[in-house]
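So the chains spell out like this:
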Amino acid sequence: MSTQREEFLAGKRPDDVALFLAASYVSDDRLEQFGERVDDGTLIVVDGERGRNAFKAATGTGAMEFAKSAMSTEGEIDDDLAGGQCPDADADADGEHAIQYVFAFAEEQNESVGGIYADGDVVHAYAQCTCGTAFSDRWNATDAEA
């Protein structure tokens with residue numbers, strides 16, 4: 001039996017979005033009713049509209065506006081969506097770098113676009129670091145090891 005997160009990461013839930021909220025960012029035990037408790041927070045997979053509304057309620061920012069702002073900076077987001085590596089961490093060794101939240105969606109394979117889109121479904125993920133850097137990552141769903 002697979003979890004909603006496993007199905008999402010496999011590209012089987014293209015109408016849903018995934019949200020990771022770090023425990024250090026949002027401390028509300030009620031979140032666990034809606035998602036899966038992971039080491040450093042809660043991961044929620046819900047239909048797109050509810051997910052975008054939940055993201056805005058938790059962060060104060062519109063999900064697509066956040067994604068657009070994060071697109072210009074590439075970083076590494078864990079393929080389980082529960083963490084990542086801020087691209088500014090190497091240049092700022094003394095600063096604090098921890099993922100506060102992640103917003104992700106999956107896009108179905110599209111051979112006409114080419115690149116990784118021709119290879120299979122693509123997971124798009126956007127993260128916010130405690131240092132203030134927003135960044136993005138994407139990968140083929142078949143590459144994720146959920």
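Here, the structure is the one placed above.
Residues numbered from 1 in each chain as written. Predicted model: local features only at pLDDT ≥ 70, side-chain atom pairs only at ≥ 80, totals over all residues. Heavy atoms only, no water.

### A few points about the overall build of the chain
1) Next: A count of helical and extended segments in the chain gives four helices and eight strands.
2) Next: Beginning at the N terminus, the succession of helices and strands in the chain can be written as α-β-β-β-α-α-β-β-β-α-β-β.
3) Next: When the 146 residues of the chain are sorted by exposure, 43% land in the buried category.
4) Next: Counting only contacts in the chain whose residues sit at least 6 apart along the sequence, the fraction spanning at least 24 positions is 59%.
5) Next: Of the accessible surface of the chain, which amounts to about 7,900 Å², a share of 41% is contributed by carbon and sulfur atoms. (Helix = DSSP H or I, 4+ residues; strand = E, 2+ residues; numbered from the N terminus. Buried < 20%, exposed > 50% of the residue type's maximum accessible area, 1.4 Å probe, protein only. Contact = heavy atoms within 4.5 Å. Areas by Shrake-Rupley, 256 points an atom, 1.4 Å probe, with all protein chains shown as cover.)

### Some details on the sheet that holds strand β8 (residues 134–140)
1) Next: Reading across from one edge, β2-β3-β1-β6-β7-β8 is the order of the six strands in this open sheet, with antiparallel pairing throughout. Two strands close off the open sheet at either side, each with one partner strand: β2 (36–38) and β8. Averaged over all adjacent pairs, the angle separating strand axes in this sheet is 20°, with direction ignored.
2) Next: With seven bridges joining them, strand β7 (residues 122–129) and β8 adopt antiparallel strand pairing. Within the sheet, the bridge partner assigned to alanine 125 lies in β8 and is aspartate 137.
3) Next: Set on the sheet, helix α2 (residues 48–59) makes contact with β1 (16–22), β3 (41–47) and β6 (99–107); between it and β1 the angle comes to about 20°. (Pairing = 2+ DSSP bridges. Axes fitted to C-alpha atoms, helices over the stretch in contact; angles between N-to-C directions.)

### Re helix α3 (residues 63–70)
Three or four residues apart is the spacing at which side chains of an α-helix point the same way, because the helix has 3.6 residues per turn.
1) Next: Turning to α3, its buried residues are Ala63, Phe66, Ala67 and Ala70. Around the axis of α3, the buried residues are gathered within 100° of arc, so they sit on the same side. For α3, the exposed residues set more than 90 degrees away from the buried face come down to Glu65 and Lys68.
2) Next: Looking at the packing, one finds that the buried side of α3 touches α2, β6, β7 and β8. (Arc of directions from axis to C-beta.)

### Section: the nonpolar core
1) Next: Phe8, Phe20, Ile77, Leu81, Val102, Ala125 and Phe135 are the most contacted members of the largest nonpolar core, which has 24 residues in total.
2) Next: Within the residue set of this core, elements represented by two or more residues are α1 (4–9), β1, β3, β6, β7 and β8.
3) Next: Setting aside residues up to four positions removed in sequence, isoleucine 77 forms contacts with Gly83, Gly84, Val102, Ala125, Tyr126, Ala127, Phe135, Ser136, Asp137 and Trp139.
4) Next: Core analysis: the second largest hydrophobic core is formed by 16 residues, Ile44, Tyr101, Phe103 and Phe105 among them. (Core = buried A, V, L, I, M, F, W, Y, C linked by side-chain atoms within 4.5 Å.)

### Some points on the pairing of β1
1) Next: Within β1, seven of the seven residues are buried, which leaves the element mostly enclosed by the surrounding structure.
2) Next: Burial along β1 is two-sided: Asp16, Ala18, Phe20 and Ala22 and Val17, Leu19 and Leu21, pointing in opposite directions, are all buried.
3) Next: The sheet contact formed by β1 and β3 spans seven bridges and is antiparallel. Each residue of the ladder has a partner; that of leucine 19, found in β3, is isoleucine 44.
4) Next: Strand direction decides the pairing type here: β1 and β6, joined by five bridges, are antiparallel. Directly across from valine 17, in β6, lies its bridge partner phenylalanine 105.

### Topic: the packing of aromatic side chains
The geometry of an aromatic ring pair is captured by two quantities: the separation of the ring centres and the angle between the planes.
1) Next: Counted according to the given criterion, the structure contains seven aromatic pairs.
2) Next: Here the aromatic rings of phenylalanine 55 and phenylalanine 103 are separated by 5.4 Å at their centres, their planes lie at 55°, and the arrangement is tilted. Of this pair, phenylalanine 55 sits in helix α2 while phenylalanine 103 sits in strand β6; the two residues are 48 residues apart in sequence, bridging distant segments of the chain. The residues phenylalanine 55 and phenylalanine 103 share a single accessibility class, namely buried.
3) Next: For the ring pair phenylalanine 103 and phenylalanine 105, a centre distance of 6.4 Å and an interplane angle of 55° mean the geometry is tilted. (Phe/Tyr/Trp six-rings, centres within 6.5 Å; stacked < 30°, edge-to-face > 60°.)

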